[in-house]
Each structure stands twice: as C-alpha cells, then as structure tokens.
Amino acid sequence: YNIVFRDDKTYPYLYLSAGDFPQLLTYRGRVKKTGHTFGPYPNVASTRAMRKILQEIFKLRDCPDAIFSNRARPCLQYQMGRCSAPCVGLISKQDYQDQIHWAKLFLEGKNQAVLKSLGQKMEVASDQMAYELALRFRDQINLLSQLQKDQSIQTNLSLDIDVLGLARELDRVVISVLSIKQGRVLGSRAFNQKVS
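About the criteria used
Residues numbered from 1 in each chain as written. Predicted model: local features only at pLDDT ≥ 70, side-chain atom pairs only at ≥ 80, totals over all residues. Heavy atoms only, no water. Salt bridge = Lys/Arg side-chain N within 4 Å of Asp/Glu carboxyl O. Helix = DSSP H or I, 4+ residues; strand = E, 2+ residues; numbered from the N terminus. Buried < 20%, exposed > 50% of the residue type's maximum accessible area, 1.4 Å probe, protein only. Pairing = 2+ DSSP bridges. Polar contact = N/O pair within 3.5 Å; in protein donor to acceptor, adjacent residues only side chain to side chain. Contact = heavy atoms within 4.5 Å. Expected span 1.5 Å × (residues − 1). Arc of directions from axis to C-beta.

If you walk through the whole model with that rule in mind, you get seven salt bridges. The salt bridge involving Asp 65 is made with Arg 61; its shortest N-O contact spans 2.7 Å. Among the ionic pairs, Asp 98 bridges to Lys 121, the shortest N-O distance being 3.4 Å. Of this pair, Asp 98 sits in helix 4 (residues 93–107) while Lys 121 sits in helix 5 (residues 111–127); the two residues are 23 residues apart in sequence, bridging distant segments of the chain. For Asp 98, a relative accessible area of 15% puts it in the buried group. With a relative accessible area of 32%, Lys 121 lands in the partly exposed category.

Laid out in structure tokens, this is it:
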C-alpha cells in the first residue's frame, strides 16, 4: 500500500464551492477553506460516479466561475438534464440553495432527511396544482430511493469503515478493499499479487 503517497497522489474529494450558486467539483489536493468538502473517496472513478449521480438528481452546476458569469444561454449540461442553468436564471437562488442543501445532506449520509423533505415539497406542489414541479420532486425521490437500495448495507451502525477481503489460490493472492461511509458503499479496489 502506498500510504505515504510517494508518487504525489492524494485521495479524491467532492467539493461544493461557496457563494449563491455553488459549483460541484472533483479534485485532489489540500482541502479548500471555503465551501464544503466530502470524502475522501477510494478512487477517482467512484468520485466521478458520485458527481454524475448528484448532477442527475440535484442538477448542480460544474462550470467554472468565469464561464458561469458570462453565459447568455444554457449549456449542454442543461440540455442533458444535468444542470438547472442558474447561469441564465432558469432557477431561483432559493431553489438552487435547496438543491445544494439536499446534496449536502445526501453526501453526509442523511438520506432519510432528504427523502422526507422532498416528499413534503412534492405534496405542497401537488396541493398548489404545480404538477410539473411535483413530478420533478417525485423523480428525485425515485432516483434517491433506487440509489439508496443499490448502495446500502445492512447494519445498525453509522460508521465509516473499510472492509478487507483476501483470497488465495495457488500462486495468486487477491486483496479487495470495500469503502463504506455512513452506510453507503463508495467504491472498491482490488489488488492482485503473485506470491511464491
């Protein structure tokens, strides 16, 4: 294991910048002082997968601030349904901040609080006959519920743990590491080694 990081590698993180319309980034390196940092994740692939999931569910922007402040029309991410286009005012500041709040809760492992809050918003929108908005909240609830089923493990503990598995056959040894945070599987890595 390269626990000293002699090759200048660090674990990847997810980072939500500060400001009215925070940006969601994947990065390696020192923890930034402003904004919120989540991780570390076991590898870049799991970090990118989590970022893609967050963009699909909460539609958070990932464009740099220079591009964000100079856009005149929505970008391709908006067309693909991965961004709510705050750069051109297609979402209000308060609605975007709600999405950020739910994304933070999700990354902290508080999925039930997110589902409850989205359910309440869906009921209010339905009562006000804002059916398209209620449908959007319903879709978010369905995506989060499916994700929770796929990533959850059966435990009563809310620990951050790594589970190691070891298998040996003839002259090969495989070690598998499964990273779990707040009851969610973040990713796994396998190390294959020939032994004599």
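Buried residues dominate strand 1 (residues 12–16), accounting for five of its five residues. Bridge count between strand 1 and strand 2 (residues 24–28): five bridges; the pairing is antiparallel. Residue pairing across strands places Tyr 15 opposite Leu 25, the latter belonging to strand 2. Sheet topology places strand 1 next to strand 3 (residues 36–38); three bridges connect them, and they run antiparallel. Each bridged residue has a counterpart across the sheet, and for Leu 16 the counterpart in strand 3 is His 36.

Let us now look at the side chain of Ser 84. Looking at the secondary structure, you find Ser 84 in the loop between helix 3 (76–79) and helix 4. There is a polar contact of 3.1 Å between the side chain of Ser 84 and the backbone oxygen of Lys 59. Those residues within four positions of Ser 84 in sequence are excluded, and the remaining contacts are Lys 59, Tyr 78, Leu 90, Ile 91 and Tyr 96.

So, on to helix 5. With 17 residues, helix 5 extends 24 Å between its outermost C-alpha atoms, agreeing within 8% with the 24 Å of an ideal straight helix rising 1.5 Å per residue. Every buried residue of helix 5 is accounted for by Asn 111, Val 114, Leu 115, Leu 118, Gly 119 and Ala 125. Along helix 5, the residues classed as buried sweep out an arc of 135° about the axis, all on the same side. Away from its buried face, by an angle of more than 90 degrees, helix 5 presents the exposed residues Gln 112, Lys 116, Glu 123 and Asp 127. Directly beyond the C-terminal end of helix 5, a positive phi value near 60° is found at Met 129.

This part covers unusual backbone geometry. When glycine is set aside, most residues are seen to have a negative phi, and most peptide bonds are trans. Despite not being glycine, Lys 59 shows a phi value in the positive range, around 55°. Structurally, the position occupied by Lys 59 is in the loop between helix 1 (44–58) and helix 2 (65–68). Judged by its relative accessible area of 26%, Lys 59 falls in the partly exposed class. Notably, Met 129 is not glycine yet its phi reads approximately 60°, a positive angle. One can find Met 129 in the loop between helix 5 and helix 6 (131–151). Of the residues examined, Met 129 reaches a relative accessible area of 62% and is grouped as exposed.

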